[in-house]
Amino acid sequence: MNKPLNLFAITFVAIISIYLYVLGENKTIQIIKDEYLFILGLIPIGFVFLYFKFKLKGYEIVNFTQNNRPSLQSTILFFLIFQVVDYVSEDGFIGMISQWFMYWIMGIIALLLMETINYYKNYKQLQKI
């Protein structure tokens, strides 16, 4: 199965490419600027993730969040539902695709939080030993 981080990198390139083609450079930069708070929110989450990752380097990592991973079908279903809602509420196709970057950022935040929680649980487990 593909790693989620690789999928996020591929989808980032796809989103930016579509934005540049459909919306142009100025609108693409404006969309990215509008999401600066979410991007800034990634910084502390990323630091905490890296802290636990380096603390647990060399130890076997148990995947505590294995059962919490949504299936690809449910992820696609949620995405399609949000796309229909965005199409209606954001006045058409352009408004709909302008939300993709926000969804991408929220996906990275969710992935980092899940991985950080997993590392934290592993860290606590090692402290008990």
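Please refer to the structure higher up on the page.
Bear in mind that the values here come from a model prediction, so they are computed numbers and not experimental data.

1. Some words on the side chain of glutamine 83
Next up, step 1: Relative to the helices and strands, glutamine 83 is located in helix H4 (residues 72-89).
Next up, step 2: What makes glutamine 83 buried here is its relative accessible area of 7%.
Next up, step 3: A distance of 2.8 Å separates the side chain of glutamine 83 from the side chain of tryptophan 100, its partner in a polar contact.
Next up, step 4: When neighbours within four sequence positions are excluded, glutamine 83 is seen to be in contact with Met96, Trp100 and Tyr103.

2. Re the nonpolar core
Next up, step 1: By size, the foremost hydrophobic cluster in this structure holds 22 residues, and its most contacted members are Tyr19 and Trp104.
Next up, step 2: Within the residue set of this core, elements represented by two or more residues are helix H1 (4-22), helix H3 (36-55), helix H5 (93-97) and helix H6 (100-128).
Next up, step 3: For this core, the element with the most residues is H6, which contributes ten residues.
Next up, step 4: Aside from chain neighbours lying at most four places away, what touches tyrosine 19 is Gly24, Thr28, Ile31, Ile97, Ser98, Gln99, Trp100 and Phe101.

3. What to know about a nonpolar patch on the surface
Next up, step 1: A contiguous nonpolar patch, built from Ile18, Tyr21, Val22, Val84, Tyr87, Val88, Phe93 and Ile94 and spanning about 830 Å² of accessible area, is present on the exposed surface.
Next up, step 2: Locating isoleucine 94 in the fold gives a position in helix H5.
Next up, step 3: The partly exposed category is assigned to isoleucine 94, whose relative accessible area is 40%.

4. Remarks on the packing of H3 against H6
Next up, step 1: Contact geometry of H3 with H6 gives a least axis separation of 9 Å together with a crossing angle of 25°. Judged on the interaxial angle alone, H6 and H3 are roughly parallel. Judged by the sense of rotation from one axis to the other, the crossing of H3 with H6 is left-handed.
Next up, step 2: A per-class count over the contact of H3 with H6 returns 19 nonpolar, two polar and three charged.

The rules behind each value
- Residues numbered from 1 in each chain as written.
- Predicted model: local features only at pLDDT ≥ 70, side-chain atom pairs only at ≥ 80, totals over all residues.
- Heavy atoms only, no water.
- Helix = DSSP H or I, 4+ residues; strand = E, 2+ residues; numbered from the N terminus.
- Buried < 20%, exposed > 50% of the residue type's maximum accessible area, 1.4 Å probe, protein only.
- Polar contact = N/O pair within 3.5 Å; in protein donor to acceptor, adjacent residues only side chain to side chain.
- Contact = heavy atoms within 4.5 Å.
- Core = buried A, V, L, I, M, F, W, Y, C linked by side-chain atoms within 4.5 Å.
- Patch = residues over 30% accessible without salt bridge, like charges linked within 9 Å, V, L, I, M, F, W, Y side chains within 5 Å.
- Areas by Shrake-Rupley, 256 points an atom, 1.4 Å probe, with all protein chains shown as cover.
- Salt bridge = Lys/Arg side-chain N within 4 Å of Asp/Glu carboxyl O.
- Axes fitted to C-alpha atoms, helices over the stretch in contact; angles between N-to-C directions.
- Parallel < 35°, antiparallel > 145°, perpendicular 65-115°, else oblique.
- Left-handed = near helix turned anticlockwise from the far one by under 90°.
- Nonpolar A, V, L, I, M, F, W, Y, C, P; charged D, E, K, R; others polar.

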